[in-house]
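# Analysis of the macromolecular model
Each chain, written out:
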Amino acid sequence: MAASPQESPRGLKPAARRRYVFARGGLVRVWRLGVLALALAWGLPAEGGATRFAEDRPVDLTHIRLDLNVQLFDDAVEGVATIDVTALRDVDAIRFDAVDFEVTSVRLARGGAAPSDARYVNDDKSITVLTGDGPLKAGDAARVIIAYAVREPSDGLRFFHPSEAEPDIEHTMWSQGESITNRHWIPCFDHPGEFQTTEIVAAVPDGYEAVSNGALLSRVDNPDETTTFHWKQSQPHAIYLVTLVVSRFHVEQESWRGRPVVYYVPPRHKEHVVHSFGNTVRMLDFFSERFGVEYPWEKYAQVCAEHFGGGMENTSATTLGTGTLHDARAHIDTSSDGLVAHELGHQWFGDLVTCRNWSHIWLNEGFASYCEALWDEHDLGWDEYQLTMYRDERRALGAGKTRPVLDREYDSPDSMFDGRAYPKGAWILHMMRHRLGDGPFFRGIQQYLTEFRHQPVETHDFRRVMERATGHSLERFFYDWVEREGHPELTIRYGWNQADGTADVEVEQTQKADPFNFPLEMAFHLPGQDPVLVTREVSDRKQTFSLPLPGPPQMVRFDPNNVVLKEVTEEKPRDLWIAQLTDDPNPVGRMRTIKVMVDAKDDLYDAALVAAFPKESFYAVAGDLARALGDIRSEQARDALLAGAQHADARVRRAAVEALREFTKDDAVVAALERIVRAGDASYRVESAAIDSWAKAAGKEAKLETLQPLLARDSHQEMIRRAVIEALGELKDPAALDVILDWTRRGRANEIRRTAFSAAVALKRNAELSGEPVQRIVQVLSGCLDEAESRRTLYSAISALSDLGPDAVDAVPALKKLIDEDEPDERLQRSVDRAIEAIKRKPEDSPDATDSEPRRGRPTPGSGDETPPSSGP
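Just so you know, these numbers come straight off a predicted model, no measurement behind them.

A count of helical and extended segments in the protein gives 25 helices and 32 strands. Dimensions of the protein, computed from the C-alpha atoms along their principal axes, are close to 90 × 75 × 55 Å. Evaluated residue by residue, the protein yields a buried proportion of 61% over its 873 residues. Taken as a whole, the protein presents about 32,500 Å² of accessible surface, with 46% of it coming from carbon and sulfur. A gap of 2 Å separates the mean positions of the 104 positive and 140 negative side-chain charges of the protein.

Below, the structure written as structure tokens:
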């Protein structure tokens, strides 16, 4: 599963979950919203909980049919579930997960007999059906028929409607089953190890579409102004992958090998389909060929639903957030391909083959995350593949430090959807592929998918298949990377021994845990020769290698293909670093070198960085160089960045424009940025960055009259208006408050409203507001605490009140009203408690304002927290 910018961080899920915070190509993807707030920065996983194992299976649930009347405008569903089971042992009762069901009747049919009323117990968590005349014997089949309703479900099904805050959205209902929330509307065995075929017959209001798994068998217009859609998923799959989405949609369809490929988007987004999903058919070809197993389902639909965040890989019918839809101008430097590839990859890894229990979720999410990199490699080349893995690296390093990837101790399934499952899972596959070679690796993947097709799997199943397919023992590999926490922390020291003609390399593992075992590749570049490539096995705490060479190398690279997940400090002479800055063929090597040079604060390195920027051909490296030049702040760095602000690649322009904000009160910089602000840019992102950088660089010279007219500019996801609102918050002018608060009103786009909340707080600080203006801010924010239709907007208002501290004391009663003592929302409770604590804190106890924001100083260059650690010349 993955998430989008709309509700949260490349592949988290809405309401309960997902998928990741990092920006790639301008598109933010996310994981989960509940515990996946934990993953917002791929943070450390939650503390462990109870030891978990796969669920017991007294009966095999073989088929579920739901006949539903979707009461879209009343937030309810009424219907009948017909469930076929076969006993795996003698049982006298069958228990279904079912939360808050209103049950009208339960009938049971045994041995082909007609169904008859059955005794049952409904405890609001489950429905237990008694088998009646004696136990159901092992091997016996039965059919259970449950008539029920769910009204305003607390999870699993979400309803959204036009409102004063969002007048333009469609009436919408969508389901979200992962991890264990389909039990809120489907009586089922709600765990991933249970596979069944499914069927949904849904009556919805005329003019609305109902989308579900499998093939559309019929669509019937009814005399009562409803339309009935009959969907059947004829191949077995896990219950959490069952989906139902109802809304008005613009629908487009193409074909792949005779199967429909369908796109459902809100009508206002109909022009955006080609930009967001234009590569879907090519991806179906690529993944089918790459995995050696053809796409297995009857159709592939991508359904963009209101208020859905990220993506959810429901079998044959992925649900996505509308945030991934974008126009031609945004497409200049925004791509949905990573999200599309992630969710499509799940159709094999997670849907065709599914983890048996949540301890093994990396088999779903790690593969799907790696599919993003595979697509980048295929479509854009090796440099992009390396960049994708590099961006995943730090999140993988941070998330796996204290808990292993394969982890049986957790409080809830949602807590497993963190950086261990996503980026570290992808890195495990990346390392394994390099170690085994492409041929054996993908042959093993094909065998894995074939052998376990439509079956649940555990990690040892995957390992044993790969061992059989390749002849390699992978037990130590899985022990190091899957079963234990942590990763190698290396110090590598290099020196040239002139007397012996050897390159002397010392590798020390400095982590507290036992040494890891891995092959370390080294590349020694000599003048006029091909590089000398050497691989040595590293398994001890400290090892030294003396490697004879024809002469001293001009460049030395350790792990040149970036295939060991590690933290590393390299100690080698300055001239080798300078050579690597421009000559390393791997962009990751050049990006690591930039970080080393910035951290060194060395004038020679600074000069080399300035000289490298205009020559760099790969946009991501150029972006890191631009950030490094913003840190250097020399006249030469400024001139290089001013030239970079005119670069042909919008991604480089944006990095240069962002770096120029560091040159405060520099007339040339302020003038150049103001020209971009007034004239605009082909890229929304560049234009937005120019507004932000101009406001910061101009300081007191930034004027309200310059910024206010820019609020008339439309843009994808309101990027430009949000940048203007943020810039208004940086002003020293109290008059900006009226403009900011006007953009907090219901009916404004929620993206802008959330930005305006934080901008009002920033203006309070920067313009030193007090008294009546501050109370206006508190009143506006307090009035937004009933934003039930937009949880993200609600949390933004809470956060802004928390940032106001003691000035927001009048908001405490409104904050307390948010908590339902009968059914407390744990995440909301935590947010409210933190806010009240901050508000009641005495001013002298509050942290210094500068401690609440990152200090720039000499920042580490890189794409935010996408830059892994590497240091030490």
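Let's shift gears to helix 2 (residues 280–291). Helix length check: helix 2 (twelve residues) gives 16 Å between terminal C-alpha atoms against 16 Å at 1.5 Å per residue, within 8%. All of the buried residues along helix 2 are Thr280, Val281, Met283, Leu284, Phe286, Phe287, Ser288 and Phe291.

Close contact between helix 6 (residues 420–436) and helix 8 (residues 459–470) brings their axes to 13 Å; oriented N to C, the two are set at 15 degrees. With respect to each other, helix 6 and helix 8 are oriented roughly parallel. Crossing geometry of helix 6 relative to helix 8 is assigned as right-handed. Contacts between helix 6 and helix 8 pair Leu429, Met432 and Leu436 from the former with Phe462, Met466 and Thr470 from the latter. Residue composition of the contact of helix 6 with helix 8, by class: five nonpolar, one polar and no charged.

For the rest of this paragraph, the subject is the state of the cysteines. Tallied over the entire structure, the rule returns zero disulfides. Of the cysteine sulfurs around Cys188, a residue in no disulfide, the closest is that of Cys355, at 15 Å. Judged by its relative accessible area of 0%, Cys188 is buried.

On to the sheet that holds strand 22 (residues 317–321). Pairing within the open sheet is mixed, and its five strands lie in the order 18-19-20-22-21. A strand with exactly one partner marks an edge of an open sheet, and here the two such strands are strand 18 (250–256) and strand 21 (311–312). Pairing geometry for strand 21 and strand 22, over two bridges, is antiparallel. Bridge pairing links Met312 to Thr319 in strand 22.

One pass over the structure, following the stated rule, counts 31 aromatic pairs. On the numbers, 5.6 Å between centres and 20 degrees between planes, the contact of Phe96 with Phe189 is stacked. In this pair, Phe96 sits in strand 5 (residues 93–97) while Phe189 sits in the loop between strand 12 (172–175) and strand 13 (195–205), placing the two residues 93 residues apart along the sequence. Assigned by exposure class, Phe96 and Phe189 land together as buried. With centroids separated by 5.7 Å and ring planes inclined at 75 degrees, the aromatic side chains of Tyr295 and Trp348 adopt a geometry described as edge-to-face. Remark: Trp348 occurs in the loop between helix 3 (337–346) and strand 23 (353–355) and Tyr295 occurs in the loop between helix 2 and strand 20 (300–305); sequence separation between them is 53 residues. Across the pair, exposure class does not vary: Tyr295 and Trp348 are buried alike. Its guanidinium or amino end placed over the ring of Tyr605, Arg574 lies 5.7 Å from that ring's centre, counting from NZ or CZ. Directly above the aromatic system of Tyr619 lies the positively charged group of Arg651, at a separation of 3.5 Å from the ring centroid.

Attention now moves to the environment of Leu581. Mapped onto the secondary structure, Leu581 falls in helix 10 (residues 574–583). By relative accessible area, which is 3% here, Leu581 ends up buried. Along the chain, Leu581 and Val621 lie 40 residues apart, while their C-alpha atoms are 9.8 Å from each other. When residues no more than four places from it in sequence are discounted, the contact partners of Leu581 are Arg590, Thr593, Ile594, Met597, Ala608, Leu609, Ala612 and Leu625.

In this section: the side chain of Thr459. Tracing the sequence through the fold places Thr459 in helix 8. Assessed through its relative accessible area of 4%, Thr459 is described here as buried. Within the structure, the side chain of Thr459 is placed 2.8 Å from the side chain of His360, a separation counted as a polar contact. One polar contact links Thr459 to Trp362, side chain to side chain, over a distance of 3.1 Å.

Let us look at the confidence of the model for the protein. The share of residues in the protein with pLDDT of 70 or more is 90%, and the mean pLDDT across the chain is 91. Confidence over residues 3–44 falls short of pLDDT 50; this stretch has 249 contacts with residues more than four positions distant or in other chains. In the predicted structure, residues 847–873 sits below a pLDDT of 50 and forms 74 contacts with residues beyond four places in sequence or in another chain.

The next subject is the side chain of His269. With respect to the helices and strands, the residue His269 is situated in the loop between strand 19 (259–265) and helix 1 (273–277). Other than its neighbours up to four places away in sequence, His269 contacts Thr322 and Leu325.

We now examine the pairing of strand 12. Both faces of strand 12 are covered, namely the face carrying Thr172 and Trp174 and the face carrying Met173 and Ser175. In this structure, strand 11 (residues 157–160) lies alongside strand 12, joined through four bridges in antiparallel fashion. Within the sheet, the bridge partner assigned to Leu157 lies in strand 12 and is Ser175. Note that strand 12 and strand 17 (residues 244–247) share two bridges and pair antiparallel. Pairing of Met173 across the sheet is with Val246, part of strand 17.

Moving on, we come to the environment of Asp56. Along the chain, the position of Asp56 falls in the loop between strand 2 (27–32) and strand 3 (59–71). Taking the C-alpha atoms as reference points, Asp56 and Gly193, separated by 137 residues in sequence, lie 9.6 Å from one another. There is a polar contact of 2.9 Å between the side chain of Asp56 and the side chain of Arg89.

Before going further, it helps to examine the pattern of salt bridges. All chains considered together, the criterion is met by 62 salt bridges. Arg65 is the salt-bridge partner of Glu199, the closest N and O atoms lying 3.3 Å from each other. Taken together, the residues Glu199 in strand 13 and Arg65 in strand 3 connect sequence positions 134 residues apart. A salt bridge links Asp90 to Lys137, with the nearest nitrogen and oxygen atoms 3.7 Å apart. Of this pair, Asp90 sits in the loop between strand 4 (76–87) and strand 5 while Lys137 sits in the loop between strand 9 (126–130) and strand 10 (141–151), and the two are 47 residues apart along the sequence. According to the relative accessible area criterion, Lys137 is partly exposed, its value standing at 43%.

Reading guide: rules and limits
- Residues numbered from 1 in each chain as written.
- Predicted model: local features only at pLDDT ≥ 70, side-chain atom pairs only at ≥ 80, totals over all residues.
- Heavy atoms only, no water.
- Helix = DSSP H or I, 4+ residues; strand = E, 2+ residues; numbered from the N terminus.
- Buried < 20%, exposed > 50% of the residue type's maximum accessible area, 1.4 Å probe, protein only.
- Areas by Shrake-Rupley, 256 points an atom, 1.4 Å probe, with all protein chains shown as cover.
- Lys, Arg positive; Asp, Glu negative; His and termini not counted.
- Charge placed at Lys NZ, Arg CZ, Asp CG, Glu CD.
- Expected span 1.5 Å × (residues − 1).
- Axes fitted to C-alpha atoms, helices over the stretch in contact; angles between N-to-C directions.
- Parallel < 35°, antiparallel > 145°, perpendicular 65-115°, else oblique.
- Left-handed = near helix turned anticlockwise from the far one by under 90°.
- Contact = heavy atoms within 4.5 Å.
- Nonpolar A, V, L, I, M, F, W, Y, C, P; charged D, E, K, R; others polar.
- Disulfide = S-S within 2.5 Å.
- Pairing = 2+ DSSP bridges.
- Phe/Tyr/Trp six-rings, centres within 6.5 Å; stacked < 30°, edge-to-face > 60°.
- Lys NZ or Arg CZ within 6 Å of the ring centre and 35° of its normal.
- Polar contact = N/O pair within 3.5 Å; in protein donor to acceptor, adjacent residues only side chain to side chain.
- pLDDT = per-residue confidence, 0-100.
- Salt bridge = Lys/Arg side-chain N within 4 Å of Asp/Glu carboxyl O.

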